[in-house]
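# Coordinate analysis (summary)
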Amino acid sequence: MGEVENYYEGYDEWNRLERHKIEFEITKRYLNDYVPKAARILDIGGGPGRYSIYLAKRDHKVVLLDLVEKHIDMAKIKAIENNVEIEKYICDDALNISKYDLGKFDVVLIMGPLYHLIHEAERKKVVEDALKILKKDGILITSFISAYAPIIDGLKYPEDIEAPDDLIKYLKNGVNDVKSGFTSAYFIKPEEARSFMNSFNLKELSFAGIEGIGGFIENKLKGLPSEQFHMVINILYELSKDPHMFGSCEHYLYIGKKLNEF
């Protein structure tokens, strides 16, 4: 986690979603679709609070937990700027959720930690701990980085490709070495992500591939008028549900409902 923390201390995570508006807009649509009204939400690994603040503005109560102190400080500033209140801020590792007495939640978001935890046992622990504090019939939403993401990113700048095997390797082993760029991460194929999440006490409500073919025209979208931009987002949102498109996506979103406990 030290590598991850160091990376984000020097990275502008707040503005990342300004650069990657497809990811932000489509993820918000899924949140709108599946987060019930007036929900109490735990945002695990929520960074500087982009989604926490968005949800707080929609009258949800949100607890934000993130590993990086810089992110928590930024979230506090942005909450004030957006005139919203976050119920509680916690600066800690996602693996330490169980040490906090936070009560129960209607919704838990894990939209970051699962792709920074290299070992499956650690990813499993975070999900299991989240389910313990999720109410019966509560909603769990998780994000993953696709094993195809490094290839897609590389193809956006084909003139910079030096060794194709450096990109193809993620289809065989999703572990990212910090020397390869980014930080400690695990890139995953869609079938592995779904299988992993469906191994828990959950009913899958949706599995989505977020960017799809829109990722290749992302820079062009930034210059479009708002009406035209949202027309394109409408198309990409519909494509996000199509399994045939998953290999073209850089991120996946899983949404599940907690089943009854016996």
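Now for a description of the structure that goes with this document. (Residues numbered from 1 in each chain as written. Predicted model: local features only at pLDDT ≥ 70, side-chain atom pairs only at ≥ 80, totals over all residues. Heavy atoms only, no water.)

## Notes on the packing of helix α3 (residues 21–34) against helix α11 (residues 226–239)
In plain terms, the rule: Every axis in this analysis is a line fitted to C-alpha atoms, fitted for helices over the stretch in contact. Angles between the N-to-C directions lie between 0 and 180 degrees. Numbering of helices and strands starts at the N terminus; helices are DSSP runs of H or I of at least 4 residues and strands are runs of E of at least 2. Each crossing gets its handedness from the near helix: less than a right angle anticlockwise from the far helix is left-handed, clockwise is right-handed. When checking whether two residues touch, look at their non-hydrogen atoms; a contact exists if any pair is within 4.5 Å.
α11 packs onto α3 with a crossing angle of 65° between their chain directions and a minimal axis gap of 10 Å. Between α3 and α11 lies a crossing of right-handed hand. On the side of α3, the interface is formed by K21, I22, E25, I26, R29, Y30 and D33, while α11 contributes F229, H230, I233, N234, L236 and Y237.

## What about the pattern of salt bridges?
Rules: Each salt bridge in this description consists of a side-chain nitrogen of Lys or Arg and a carboxyl oxygen of Asp or Glu lying within 4 Å of one another. Each residue gets one of three labels from its accessible area relative to the maximum for its type: buried under 20%, exposed over 50%, partly exposed in between, using a 1.4 Å probe on protein chains only.
Using the criterion set out here, one finds 13 salt bridges in the structure. A salt bridge links E18 to R50; the nearest nitrogen and oxygen atoms lie 2.9 Å apart. With E18 in helix α2 (residues 16–19) and R50 in helix α4 (residues 50–57), this pair connects stretches of sequence that are 32 residues apart. For R50, a relative accessible area of 12% translates into the label buried. Two residues, D129 and K125, come together in a salt bridge whose shortest N-O distance is 2.6 Å. Placement of the pair is D129 and K125 together in helix α6 (residues 120–132), with a separation of four residues, close to one helical turn. Assessed through its relative accessible area of 7%, D129 is described here as buried. Taken together, the shared-partner salt bridges connect E13, R16 and E23 into one network.

## Points about the pairing of strand β1 (residues 40–44)
Basically, it comes down to this: When DSSP finds two or more bridges between a pair of strands, those strands are recorded as paired. Convention used here: a crossover is right-handed provided that the path from the first strand, over the helix, to the second strand proceeds clockwise when the strands point away from the viewer.
Within β1, five of the five residues are buried, which leaves the element mostly enclosed by the surrounding structure. Residues of β1 alternate between two faces, with R40, L42 and I44 on one and I41 and D43 on the opposite face, all of them buried. In this sheet, strand β2 (residues 61–66) lies alongside β1 in parallel orientation, the contact comprising five bridges. Among the inter-strand pairings, R40 is bridged to a residue of β2, identified as K61. In this fold, β1 hands off to α4, which returns the chain to β2; that crossover is right-handed. Pairing of β1 with strand β4 (residues 105–110) involves four bridges; the strand directions are parallel. Directly across from L42, in β4, lies its bridge partner V108.

## Quick look at empty space enclosed by the protein
Cut-off, in case you're wondering: Using a 1 Å grid laid over the protein atoms alone, points where a 1.4 Å probe fits but cannot get out form a cavity; open sets with protein on both sides within 12 Å along at least 5 of 7 lines form a pocket; any residue with an atom within 4 Å of a point counts as lining. Grid points are joined across faces, edges and corners, and a volume is the space filled by probe spheres set on the points. Under the convention adopted here, Pro, Cys and the residues Ala, Val, Leu, Ile, Met, Phe, Trp and Tyr are nonpolar, Asp, Glu, Lys and Arg are charged, and Gly plus all remaining residues are polar.
All told, the structure shown has one cavity of 30 Å³ or more when counted by the stated rule. Volume-wise, the largest cavity comes out at about 30 Å³. Along its surface, the largest cavity is lined by R19, K21, I22, E218, L221, K222 and F229. Looking at the lining of the largest cavity, the elements that each hand over two or more residues are α3 and α10 (218–221). Within the lining of the largest cavity, the residues separate by chemical class into three nonpolar, no polar and four charged.

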